Every structure is written in C-alpha cells, then in structure tokens.
Amino acid sequence: MKKLINTFFKLFPKNFLSWSELVYVVLALLLFTFLAGYKIGKPGLYYDELLFVNGALGGKIDMFVHSRVGNLPLMLMPYIGALKAWIFYPIFKIFGVTPESIRWPVVAIGTLTLWINYRFIKMTFSRSAALIFLLLAAVEPSTLFHTRLDWGPTVLMMFFRSLLLFFIFVWIKTKKSWVLIVIGIVGLLGIFDKLNFVWFISAAVISLVMVYPKRFISYAKYHWRGSLVLAVLGLMSVIGFFLYTNYNLPLGKELGSLD
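Residues numbered from 1 in each chain as written. Predicted model: local features only at pLDDT ≥ 70, side-chain atom pairs only at ≥ 80, totals over all residues. Heavy atoms only, no water.

Novice: With reference to specific residues and values, describe a nonpolar patch on the surface.
Specialist: Taken together, the side chains of Tyr24, Leu31, Phe34, Leu35, Tyr38, Leu135 and Val139 define a hydrophobic patch exposed on the protein surface, amounting to about 600 Å² of accessible area. Ranked by residue count, the leading element in the nonpolar patch is helix H2 (residues 16-37), at four residues. For valine 139, the location among the structural elements is in the loop between helix H6 (127-138) and helix H7 (141-149). (Patch = residues over 30% accessible without salt bridge, like charges linked within 9 Å, V, L, I, M, F, W, Y side chains within 5 Å. Areas by Shrake-Rupley, 256 points an atom, 1.4 Å probe, with all protein chains shown as cover. Salt bridge = Lys/Arg side-chain N within 4 Å of Asp/Glu carboxyl O. Helix = DSSP H or I, 4+ residues; strand = E, 2+ residues; numbered from the N terminus.)

Shown next as structure tokens:
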C-alpha cells in the first residue's frame, strides 16, 4: 500500500501539493472575506464599532476620549486604548466615515488573522489539521459576525492573540532572541488596544513555564543578560499595570458593589 501511495504521488510534479495548498488557502480566505463583507452596510452601524470614530477624527469632542497626550487621543475608555483610532485616522482622511470605510478594514484584519491561525496550526499540529481548520473557520458564524461588526471591540484583540501565539511557538522552535522582542511588542500593542489582553498574556506565560520549564532555564543560562533585561521590563510592566488600574480602574470598588 505504501508503495502504491508513493507511486501515485510521483505522477504529480514536486510542487503540485504546495500549489494546490496555496490555491486552497487563497480560496478559503476569499470565502471568509466574501461572507464577512457581503452587503457590508447591513445591519446598521453598531454602538461598539463606533466608539473609536471620534478619536479617529482627532477627538474633536470628549465623547469616548478618556485621556490625551496634548490633542492626541490616548485612551478611548479606561481599558481601551486609541490604537484602532490611530489606524483608522488615514483611512477616514481618504475615504471619509461610511459603513464601508469602518467595516472593510476590520474584515481585512480578520482575514489576516485567519491566515495567521492557519500558519500557527500548521506549525503546531499538521498540514491536514490546518487545512480542515481553515475551511471550518472561514464559515464559522461567530467569527464572521464578530469581525464584520467588531463589537467588543474584538478584531484587533483576535489579531494580536493569534500573532502572539504564532511567535511564541516560533520562539519555542528556534530560541531566537529577536522573536522575544517581537513577542514583547505584540503583547504591549495588545494591552494598549484593550487592557484585558493582559489576561491572555498571563495565561500564556504561566502555561509556557509549566509546560516548557527546561527551555526557559536553558535560554536564561545562555542568554542571561537578555533574560535579565526581559525580567526587568516584565516587572516594570506589571508594576505599571497595577498602578494604572489602581488609579483608573478601581476594581475593588466595582467588585465591592456586587452581591
């Protein structure tokens, strides 16, 4: 049977599978884009997906602008940064504010996220698992509607989550120091976009330390200077997080009012 299978695949050019996989991936991503963008103006614009618009227009009024640096909106809400507003500033300058200019960019980000997830699953599991996942995810209603309407908002959060997971496993496989820098940048952008991203980072760090302790010990042993710098930066980030939440998000008062 094994010889028969090998003989069958010898009938095709060596790059046939790679080209067929490429076509499959492109078609799946186009399917996701089509379904997420079909009649893009419907339903009407939603409250959550509009909270960044004032900031993207320069924050001319104080609606959904919690803090500024000069005239530049920094935080839209105590736990939501102005990253999406910054991204959409040039888009609105060119195309104006319409359902299409609000939704098509997030559909594009969602498509890119789907591709990153496909690469991640292919790297961590198998090519077959990645291809099956891609088709299922491309037609999954929850992902499609959360992308299209971006309530939460969640599109950038899903993008940074996928990117973080991808580069974490790149580091596991390669142990390259530059990958840790990328992971740090992605993590900071994810937290700036939405503060509760810190939950995902915490879970990822705890899981990695529990599952791959020897890799961390080995890396720290041979890259002790870089590890020390990362540890200091991590400690500073934790302190900064608690100081910020203490003054801007008094969680104790919120939880104290619950029964």
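Novice: For the packing of aromatic side chains, give the residues involved together with the corresponding values.
Specialist: Applying the stated criterion to the full structure yields 11 aromatic pairs. Measuring from ring centre to ring centre gives 5.5 Å for phenylalanine 88 and phenylalanine 92, while their planes differ by 50 degrees; the resulting arrangement is tilted. Here phenylalanine 88 pairs with phenylalanine 92, and both are found in helix H4 (residues 83-95), just four residues apart, close to one helical turn. Of the two residues, phenylalanine 88 and phenylalanine 92, both sit in the buried class. (Phe/Tyr/Trp six-rings, centres within 6.5 Å; stacked < 30°, edge-to-face > 60°. Buried < 20%, exposed > 50% of the residue type's maximum accessible area, 1.4 Å probe, protein only.)

Novice: Outline the pattern of salt bridges, listing residues and values.
Specialist: Where charged atoms from two side chains of opposite charge approach closely, those side chains can pair. All told, the structure shown has five salt bridges when counted by the stated rule. Between glutamate 21 and lysine 122 there is a salt bridge; the shortest N-O distance is 2.8 Å. In this pair, glutamate 21 is assigned in helix H2 and lysine 122 in helix H5 (residues 99-124), connecting sequence segments 101 residues apart. Judged by relative accessible area, which is 10%, glutamate 21 ranks as buried. For lysine 122, a relative accessible area of 29% corresponds to the partly exposed category. With a closest N to O distance of 2.7 Å, glutamate 49 and arginine 103 form a salt bridge. Remark: arginine 103 occurs in helix H5 and glutamate 49 occurs in the loop between H2 and helix H3 (53-56); sequence separation between them is 54 residues. One exposure class covers both glutamate 49 and arginine 103, and it is buried. Here the salt bridges share partners, and the residues they tie into one network are Glu21, Lys122 and Arg127.

Novice: Tell me what's going on with empty space enclosed by the protein, and back it up with residues and numbers.
Specialist: Within this structure, the stated rule accounts for one cavity of 30 Å³ or more. Within this model, the largest cavity holds a volume of roughly 40 Å³. Every residue lining the largest cavity is listed: Asp48, Leu51, Phe52, Leu76, Ile80, Gly81, Lys84, Pro153 and Asp193. Of the residues assigned to the lining of the largest cavity, the class counts are five nonpolar, one polar and three charged. (1 Å grid on protein atoms, 1.4 Å probe; cavity = no way out; pocket = protein on both sides within 12 Å on 5 of 7 lines; lining within 4 Å. Points joined across faces, edges and corners; volume = space filled by probe spheres on them. Nonpolar A, V, L, I, M, F, W, Y, C, P; charged D, E, K, R; others polar.)

Novice: Describe unusual backbone geometry, and please don't skip the residues or the numbers.
Specialist: Here the amide bond leading from lysine 42 into proline 43 is cis, since omega sits at -5 degrees, within 30 degrees of zero. Considering the arrangement of structural elements, one finds proline 43 in the loop between H2 and H3. Going from glycine 152 to proline 153, the amide bond is cis rather than trans, its omega being -20 degrees. Take proline 153: it is sitting in the loop between H7 and helix H8 (155-174). Of note in this structure, aspartate 150 is not a glycine but carries a positive phi near 45 degrees. Positionally, aspartate 150 belongs in the loop between H7 and H8.

Novice: I'd love a proper account of the confidence of the model for the chain, names of residues and values included.
Specialist: Here the chain averages 86 in pLDDT, and 89% of its residues register 70 or above. Averaged pLDDT values over the elements of the chain bottom out at 51 in helix H1 (residues 2-10) and peak at 96 in H4. (pLDDT = per-residue confidence, 0-100.)

Novice: Give a detailed account of the layout of surface pockets, specifying residues and quantitative values.
Specialist: Of the pockets and cavities examined, the largest pocket occupies roughly 1400 Å³. Where the lining of the largest pocket is concerned, the elements lending two or more residues are strand S2 (72-77), H8, helix H9 (177-193), helix H10 (197-211), helix H11 (213-222) and helix H12 (224-248). Each residue belonging to the lining of the largest pocket can be placed in one class, and the counts come to 28 nonpolar, seven polar and no charged. Taken as a whole, the second largest pocket spans an internal volume of roughly 270 Å³. Looking at the lining of the second largest pocket, the elements that each hand over two or more residues are H5, H6, H7 and H8. For the lining of the second largest pocket, the leading source of residues is H5, giving six residues. Per-class residue counts for the lining of the second largest pocket are 10 nonpolar, six polar and one charged.

Novice: Before we move on, could you go through the side chain of arginine 148 and cite the residues and values that matter?
Specialist: Note that arginine 148 resides in helix H7. For the buried arginine 148, no salt bridge exists, and the shortest N-O distance to an oppositely charged side chain is 8.0 Å, to glutamate 49. Reaching out from arginine 148, the side chain makes a polar contact with the backbone oxygen of lysine 39 at a distance of 2.3 Å. Discounting residues that sit within four places of it in the chain, arginine 148 has contacts with Leu35, Ala36, Gly37, Tyr38, Lys39, Ile40, Gly41, Lys42, Pro43, Glu49, Arg103 and Val106. (Lys, Arg positive; Asp, Glu negative; His and termini not counted. Polar contact = N/O pair within 3.5 Å; in protein donor to acceptor, adjacent residues only side chain to side chain. Contact = heavy atoms within 4.5 Å.)

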